[in-house]
Amino acid sequence: MAIREIRKEGDAVLRKHCRKVEALDEKLFQLLDDMAETMHQANGVGLAAPQVGILKQVAVVDIGEGVIELINPEIISQRGAAVDVEGCLSVPGVWAHVERPQTVKVRALGRDGQEHIYKGSGLLARAFCHEIEHLSGQLFIDKAIRFVSPEEEEK
Ligand code: ZN
């Protein structure tokens with residue numbers, strides 16, 4: 001495994017659409033392993049492939065309950081709405097209130113080649129939405145309701 005460089009806002013790669021994964025091969029498994037390691041080292045709860053410069057529909061999420069690997073993920077249903085503070089490893093030092101569904105269901109391939117359905121509420125729903133949006137070139141700052149000032153952060 002290896003730590004990969006996290007691309008920062010302003011890097012054009014973060015604004016591009018990702019391609020669907022066609023082949024579940026060693027190169028993909030290496031990417032998934034590296035992304036999990038990079039996310040953990042940076043204390044993030046999610047990381048999407050474009051954040052490490054790879055334009056593939058791949059993301060990892062870990063809210064402290066183990067790594068969930070998402071290949072070609074899609075949100076298939078959502079319920080409710082919740083506003084909470086969110087950040088991004090590609091936009092360091094910036095925090096903002098963002099509205100997300102309270103609960104989402106995500107369909108994705110696993111590295112086993114099988115289709116999996118993940119249900120997430122609260123932080124997990126937020127992480128799924130945030131990472132899946134990265135795959136179409138969107139960043140959380142695009143839909144920020146209100147940015148959190150550094151003074152507010154210290155309270
Ligand atoms: Zn992000």
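Residues numbered from 1 in each chain as written. Predicted model: local features only at pLDDT ≥ 70, side-chain atom pairs only at ≥ 80, totals over all residues. Heavy atoms only, no water.

For the zinc ion, the full set of protein donor atoms is Cys88 (SG), His130 (NE2) and His134 (NE2), and the range of their distances to it is 2.0 to 2.3 Å. Along the chain, the residues donating to the zinc ion are arranged with the sequence spacing C-x41-H-x3-H. A residue pair is termed long-range when its members are at least 10 positions apart, and Cys88 in the loop between strand E4 (82-86) and strand E5 (95-100) and His134 in helix H2 (residues 123-134) qualify at 46 residues. The residues Cys88 and His134 share a single accessibility class, namely buried. (Donors = N, O, S within 2.8 Å, 3.2 Å for Na, K, Ca; no water. Helix = DSSP H or I, 4+ residues; strand = E, 2+ residues; numbered from the N terminus. Buried < 20%, exposed > 50% of the residue type's maximum accessible area, 1.4 Å probe, protein only.)

Let us look at the environment of Val21. By secondary structure assignment, the location of Val21 is in the segment before helix H1 (26-41). Classification of Val21 as buried rests on a relative accessible area of 10%. C-alpha separation for the pair Val21 and Gln138, spaced 117 residues apart in sequence, amounts to 19 Å. Excluding residues within four positions of it along the chain, Val21 makes contact with Leu28, Lys56, Gln57, Val58, Ile71 and Asn72. (Contact = heavy atoms within 4.5 Å.)

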